[in-house]
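Spelled out from the first residue to the last, the chains are:
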Amino acid sequence: MPTMTSVKHDQLQTSTKAWPPHAPQQLEPTPELMAELAAASARLESASPEEIISWAHDRFAPYLTMATAFGPEGCVILSMLAKVAPETYVFNLDTGYQFQQTLDLRDRIAEKYGIEVDMLQPELSVPEYEALHGGPLYKTNPNQCCFDRKIKVLRQAAQGKHAWMSGIRRDQSADRAQAAIIGWDKKFNLVKVSPLANFTKKDVWNRILAEDVPYNPLHDQGYPSVGCWPCTRAVTDGETDERAGRWSGTGKTECGLHTIQESEGSGI
Ligand code: SF4
């Protein structure tokens, strides 16, 4: 059974796989690049997710990467990557607060598809981080906690890359409804590729069931969206918003990875 990779990301090292190639130069959002991305995005509106991934691979590999939290969408993209571009470097933002079921899914994906998702950790362990802040920051300042344990790690992971893929769907939330298939991510200075932007929740689950794609068992226990365990709860039958169980009661709806506004620790 594959073992979990464990990375102190500030050191940019992995324990079981080579670090992906580092681009000699970051992409700049020139008018020419923006026009190219807009044209590609318009052209790919009616393409299948596999065709979108293939385009991104042809255009940006080996500087194409993917971040996954092992949600249903991420698992579906991993199943597509296995067919289209299995060498793509995929990572998880391993906050230290993920459910064990999520961590186990990493190994199930590796077994089925041979894709070993790298687990990228923040500089400070959970005990170190909580000691620094006098307790769990997710209770008092979840925006800062997400910034420190997700956004900063993703920013480091973005270094030397040109494009990243995410599993967002337009029908997930108002924030995500504006997502382009191919766009420029100002927050991370990367091209952002959203192969499932036009997929519905039903499309995702149809694919999972048709192809026996591994998924998080928590989805069968009332958790439509799974994040860190302190900030995720099961939803009730009457709750139709699939992200209602995330940061419940706080007014926060996103960790900041997929929202537009720029911030250094607040408001994300
Ligand atoms: S989801 Fe919660 S525990 Fe996870 S990084 Fe954000 S605030 Fe911290």
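Residues numbered from 1 in each chain as written. Predicted model: local features only at pLDDT ≥ 70, side-chain atom pairs only at ≥ 80, totals over all residues.

## Here we look at the site of the ligand
In step 1: In the region of the ligand, 13 residues are neighbours, and Pro142, Cys145, Cys146, Cys228 and Cys231 sit closest.
In step 2: For the shell around the ligand, the leading source of residues is helix α7 (residues 142-158), giving five residues.
In step 3: Residue classes in the shell around the ligand are distributed as nine nonpolar, two polar and two charged. (Near = placed C-beta within 6 Å. Helix = DSSP H or I, 4+ residues; strand = E, 2+ residues; numbered from the N terminus. Nonpolar A, V, L, I, M, F, W, Y, C, P; charged D, E, K, R; others polar.)

## Regarding the pairing of strand β3 (residues 89-93)
In step 1: In terms of residue burial, β3 counts as a mostly covered element, since five of its five residues are buried.
In step 2: Taking every second residue as pointing to the same face, both faces of β3 are buried, with Tyr89, Phe91 and Leu93 on one and Val90 and Asn92 on the other.
In step 3: Sheet topology note: the strand β2 (residues 64-67)/β3 ladder contains three bridges and is parallel. Residue pairing across strands places alanine 67 opposite phenylalanine 91, the latter belonging to β3.
In step 4: Taken together, the three bridges between β3 and strand β4 (residues 118-121) define a ladder with parallel strand orientation. Across the sheet, asparagine 92 pairs through a bridge with methionine 119, a residue of β4.
In step 5: Since β3 and β4 lie parallel, the crossover through helix α4 (residues 100-113) that links them has a hand, and here it is right-handed. (Buried ≥ 20, exposed ≤ 12 C-beta atoms within 10 Å, placed from the backbone. Pairing = 2+ DSSP bridges. Right-handed = clockwise from strand over helix to strand, strands pointing away.)

## So, the confidence of the model for the protein chain
In step 1: For the protein chain, the average pLDDT comes to 86, and 81% of its residues sit at 70 or higher.
In step 2: Note on residues 1-16: pLDDT under 50 across the span, and 40 contacts to partners over four residues away in sequence or across chains. (pLDDT = per-residue confidence, 0-100. Contact = placed C-beta atoms within 7 Å.)

## Brief notes about the nonpolar core
In step 1: In this structure, Ala56, Ile77 and Ala163 are the most contacted members of the largest nonpolar core, which totals 54 residues.
In step 2: A per-element tally of this core places α7 first, with seven residues. (Core = buried A, V, L, I, M, F, W, Y, C linked by C-beta atoms within 7 Å.)

## A short note on α4
In step 1: With 14 residues, α4 extends 20 Å between its outermost C-alpha atoms, agreeing within 8% with the 20 Å of an ideal straight helix rising 1.5 Å per residue.
In step 2: Of the residues making up α4, those classed as buried are Thr102, Leu105, Arg106 and Ile109. Around the axis of α4, the buried residues are gathered within 110° of arc, so they sit on the same side. Away from its buried face, by an angle of more than 90 degrees, α4 presents the exposed residues Gln100 and Glu111.
In step 3: Close packing links the buried residues of α4 with α3 (72-84), β3 and β4.
In step 4: In the stretch just after α4, glycine 114 is the one whose phi turns positive, near 75°. (Expected span 1.5 Å × (residues − 1). Arc of directions from axis to C-beta.)

## Regarding the pairing of strand β7 (residues 190-193)
In step 1: Pairing of strand β5 (residues 163-165) with β7 involves three bridges; the strand directions are parallel. Paired with methionine 165 across the bridge in β7 is valine 193.
In step 2: The pairing of strand β6 (residues 182-185) with β7 spans four bridges and is antiparallel. Paired with tryptophan 184 across the strands is valine 191, a residue of β7.
In step 3: Between β6 and β7, which pair antiparallel in sequence order, lie four residues; one of them, asparagine 189, sits at a positive phi of approximately 55°.

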